[in-house]
Amino acid sequence: MIVVGGGIIGSSIAYHLAHAGVNDVLLVERNVLTSGTTWHAAGLIANARGSIALTGLSQYGPELYSTLHAQTGIDVGLTTPGSISVARTAARVDELTHAADIAHHCGVRAEILSTEALGNLWPLASMDGVLAGLFFPDDGYVNPGYASIAMAQLASRSGAVIWEKVHVVEIVTNNGVIRGIRTPADTIEADVVVLASGLWSRDLAATSGAHLPLYAAEHVHVRTKPISENLENLPVLRDVDNSYYLRREGDRLLLGAFEPRGIPRSSDEIDSSGFATFPPNWKHFAPTRHKAEETVPALVSAGYERFINAPESFTPDNNFLLGETAEVEGLFVAAGMNSQGIIYGPGVGRAAASWITNGSPDFDSASVDVQRFSRHQSNQRYLHSRTKESLGRLYATHWPHYQATTARNVRRSPLHFSLAARGARFGEINAMERANWFGGPSVEDSYSFGRPGWFDQVAQEHGNTRENVSLFDLSAFATFEVIGNDAMLLCQRATTANIDQPAGRVVYTLFCNSAGGIELDGTVTRISPTRFMVVTPSTSHTKTLGYLTKLAKSYSAEVIDLTSSTATIGVMGPKSRELLSRISPADWSNEVHPLYSGREVEVADGFGWVMRLSYVGELGYEIYVPSDLAVNVYEALCEAGADLDVQPAGFYALDSLRVEKGYRHLGHDIGPADDPYTAGLAFAVDLSADANFIGAEALAKIDRTALKNRTVFFALDDPCTMLTRDETLFANGHQVGHVTSSAFGHTLGRTAGLGVIERSVDLGADFSLRSMGHDYTVTVSTKPFYDPDNSRMLAAQEMERDRA
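Just so you know, these numbers come straight off a predicted model, no measurement behind them.

### A few points about the overall build of the protein chain
Of regular secondary structure, the protein chain possesses 20 helices and 40 strands. Relative to the 2.2 N^0.38 estimate, which gives 28 Å for 804 residues, the radius of gyration of the protein chain is 27 Å and therefore close to what a compact globule would have. Along the three orthogonal principal directions, the C-alpha set of the protein chain runs to about 90 × 60 × 50 Å. Every one of the 804 residues in the protein chain was classed for burial, and the buried ones make up 61%. Mean positive and mean negative side-chain charge positions of the protein chain (64 and 91 charges, respectively) differ by 2 Å.

### Observations concerning the pattern of salt bridges
Across all of its chains, the model carries 36 salt bridges by this definition. Between Arg725 and Asp364 there is a salt bridge, with its nearest N and O atoms 3.3 Å apart. Of this pair, Arg725 sits in the loop between β35 (709-716) and β36 (728-731) while Asp364 sits in the loop between α10 (341-358) and α11 (380-393), placing them 361 residues apart in sequence. On the basis of relative accessibility, which here comes to 21%, the residue Arg725 falls in the partly exposed class. The residue Arg466 makes a salt bridge to Glu618 at a minimum N-O spacing of 3.1 Å. Here the residue Arg466 occupies a position in helix α13 (residues 455-467), and Glu618 occupies one in the loop between β32 (606-612) and β33 (620-626), the gap between them amounting to 152 residues.

### Looking at the side chain of Asn338
Position of Asn338 among the secondary structure elements: in the loop between β20 (331-335) and α10. Of note is the side chain of Asn338, whose polar atom sits 2.8 Å from the backbone oxygen of Gly336. Apart from the residues within four sequence positions on either side, Asn338 is in contact with Ser313, Phe314, Thr315, Asn318, Asn319, Phe320 and Leu394.

### Here we look at the packing of aromatic side chains
Tallying each qualifying case throughout the model produces 19 aromatic pairs. Note on Trp39 and Phe275: the rings are 5.7 Å apart at their centroids and 65° apart in plane angle, and the pair reads as edge-to-face. With Trp39 in the loop between β2 (26-28) and β3 (44-45) and Phe275 in the loop between β17 (264-265) and α8 (282-295), this residue pair connects regions lying 236 residues apart in the sequence. The class for Phe275 is partly exposed, based on a relative accessible area of 41%.

### Overview of the sheet that holds strand β30 (residues 566-572)
An order of β31-β32-β33-β30-β24-β34 is seen for the six strands of this open sheet, with the pairing classed as mixed. Of all the strands in the sheet, the pair left with one neighbour each is β31 (598-603) and β34 (647-648). Where β31 lies against β32, six bridges are found, and the strand directions are antiparallel. Bridge pairing links Gly598 to Met611 in β32. Along the sheet, helix α16 (residues 576-583) contacts β24 (470-473), β30, β31, β32 and β33; its crossing angle with β33, the most-contacted strand, is approximately 30°. Here helix α17 (residues 630-640) sits on the sheet and contacts β24, β30, β31, β33 and β34; the angle it forms with β30, its principal contact strand, is near 15°.

### Observations regarding the environment of Phe744
Turning to its location among the elements, Phe744 is positioned in strand β37 (residues 734-745). Since its relative accessible area comes to 9%, Phe744 is described here as buried. C-alpha of Phe744 to C-alpha of Phe651: the two residues are 93 residues apart in sequence and 13 Å apart in space. Apart from the residues within four sequence positions on either side, Phe744 is in contact with Arg451, Phe455, Ser656, Pro719, Met722, Gly749, Arg750 and Thr751.

### Things to note about α8
Taking 1.5 Å per residue as the helical rise, α8 with its 14 residues ought to reach 20 Å, and the 19 Å between its terminal C-alpha atoms agrees with that figure. Remark: the principal bend of α8, roughly 35°, maps to Thr288. The complete set of buried residues in α8 reads Phe285, Ala286, Thr288, Ala292, Glu293 and Thr295. Where α8 is buried, its residues meet β13 (215-224), β14 (236-239), β15 (244-249), β16 (252-257), α9 (298-302) and β18 (304-314).

### With respect to the nonpolar core
The nonpolar side chains of a soluble globular protein tend to be buried, and buried together. Of all hydrophobic cores here, the largest spans 51 residues; its most connected members are Ile13, Leu17, Tyr65, Leu68, Phe320 and Leu322. Listed by contribution, the elements that provide at least two residues to this core are α1 (8-19), α2 (52-58), α3 (60-72), α6 (144-157), β20 and α10. With nine residues, α10 is the single largest residue contributor to this core.

### Thoughts on the side chain of Ser58
Turning to its location among the elements, Ser58 is positioned in helix α2. Its relative accessible area of 0% is what places Ser58 among the buried residues. For Ser58, the residues in contact, after removing those within four places along its chain, are Ala46, Asn47, Ala48, Arg49, Ile343 and Tyr344.

### Some thoughts on the environment of Val172
By the element assignment, Val172 lies in strand β9 (residues 170-174). Remark: the alpha-carbon pair of Val172 and Val736, spanning 564 residues in sequence, is separated by 47 Å. Among residues more than four places away in sequence, those in contact with Val172 are Val177, Ile178, Arg179, Gly180, Ile181, Arg182 and Thr187.

Quick notes on the rules
Residues numbered from 1 in each chain as written. Predicted model: local features only at pLDDT ≥ 70, side-chain atom pairs only at ≥ 80, totals over all residues. Heavy atoms only, no water. Helix = DSSP H or I, 4+ residues; strand = E, 2+ residues; numbered from the N terminus. Rg over C-alpha atoms; globule rule 2.2 N^0.38 Å. Buried < 20%, exposed > 50% of the residue type's maximum accessible area, 1.4 Å probe, protein only. Lys, Arg positive; Asp, Glu negative; His and termini not counted. Charge placed at Lys NZ, Arg CZ, Asp CG, Glu CD. Salt bridge = Lys/Arg side-chain N within 4 Å of Asp/Glu carboxyl O. Polar contact = N/O pair within 3.5 Å; in protein donor to acceptor, adjacent residues only side chain to side chain. Contact = heavy atoms within 4.5 Å. Phe/Tyr/Trp six-rings, centres within 6.5 Å; stacked < 30°, edge-to-face > 60°. Pairing = 2+ DSSP bridges. Axes fitted to C-alpha atoms, helices over the stretch in contact; angles between N-to-C directions. Expected span 1.5 Å × (residues − 1). Bend = angle between axes of the 7 residues up to and from the residue. Core = buried A, V, L, I, M, F, W, Y, C linked by side-chain atoms within 4.5 Å.

Structure representation (structure tokens):
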């Protein structure tokens, strides 16, 4: 097992692998340990982050760092005076209050402080313009180089071998499976290789055919000359609205910046011999520096003695890359730390080691899974553009539903301009533009931690879908065909449901890992005895392609990616059958086209594959047509449905509709650490005697009467409150779980959602939820609040029978 990279991440992974009993760990470093990014890190540590999952990774850091001196004799300079983040806007107060709620959920000490209390903690700083702040009393900083060396020493003591001055020039593979690494001197075989090579990871992964979306940017911090004022016990200060942080370094202060527009750097521009820096750029640093000096005048009087400008690697969504690549089996990644490597180093090392040794993640990994990105997002031009924004996004307001402003309009649906002409307000997912809503305010004017600017538009789209018929552009869905003599066997191996169905049958199913966790969900439709269509969520394209392609090596079957060549139009609502009958001569009766069935029919001026299913809880269909036919079909639907009140609808309405109906969202409500039974999806699992799908053995061992948690549905009693995610759920005042996803349910007239609670909790308890520091009563149910018995769907079938 080879770990490539000797910084804080590589050292941590090597240590945790060796500590777990892996006896053949080799860590190789191109130069000397810590010479990549670790050496110039500011060393900040934090117990909490912006989600429950990421907090679980970060809070292990201070715990491990606190033991390194005793274990190794190396003083890593651990100092824990706390940290404060100050808010200068009302929105930032909301963000910090939500962060405090998450910290409390995870057992991390945190407190919202007044400006007076903040001033007492940081007497050198003026609190003019500050509204409030968040104090973490157990945060602080370490010497990053010494901490990394200490973990490398622990790895060595546990049996890992460490080689410096080893230049890896290629990741060696065979038929998509890792075989080792190649250096100028030799090829070293291994069945697992972990890329922890920081900003070099993208180029190195490319030698194997794997695509990693990370890119370097300049990151600056300067150190003052000695300051006469007392700096002892000063917490780390994050003035996030002004894009800088400050921490003590002896009798000096360290001032670092995450300016709104960073300076990207390609790997060709970076010295590969170690300890790389760029020339000081005081002009670019000046706006941030001046804001810091206005707040802390001591910076001006002291002056500066050191300017470090060095590369850090960033990703398109500001979360790091972790896990096994889709393209190469056995090639793992832990890179793109977005300048938070010291914060996450211990947690990432432990999580990576567990993932590698157990074959699946043991935490909610969706937000950091390396497979969440599309291949397009590893393009250098795209990354150069996005990285200008990524650096500053670390400290920018983390709005719910935020949409990046850089590297846009890269991938567009065939219907893009048809939607734009109707007032679409676009968002981006996996570099694909898609309509989030239509009309009303711009995206930039809609952000809020309360009721967003698009609320009324989405309410109208939601209501029209419930009462009439709406059109959704679903072309971002990941769409594949599995073809060949063994196509059915491959699909049976991949999915939890029984796929051996008659042609035309649509089956909702899960795709699990070996531990029984849910990697994917979607539909599989049998088109013919040797041909199946697989459709999964937009964000899972890379994961689905990798999952199926790896399996195909063992079967006489081929996986064909239809995503770019196919457009998907959702026709949803009680008038959807009538609308389709106007653009197609086919028989749309329930007897001919029942629920969960598909067939090829004439649509508009061409042919398409139409499935009857719905993600909104109403009568609905999905039309799959070649991309060149998409506009023809869409415009025909709009023209034919004018008197049916047909209208376009976006993904925010789709989300609101699915939440009311209780449908799960991959990456939020379900993921690799969730089993189908806890998720309430047992109906999608066929454990018959001949079941051999991946994870079947693990699921068969689960005692379904002794599950720890359960998925529930909830609705707030207060009709005015909006939620974000990860809010804590209480029963009779005791913490019992958390929210996994939510949206305002416009049919219900209040916010609804899904959550996970302890299974032992009495469902008759008094439930509440904490949001933005306030507790709200909620109603909890084991059934969704909208149409819990599918009466509307059944009514649609009965109405058709009556009409016949």
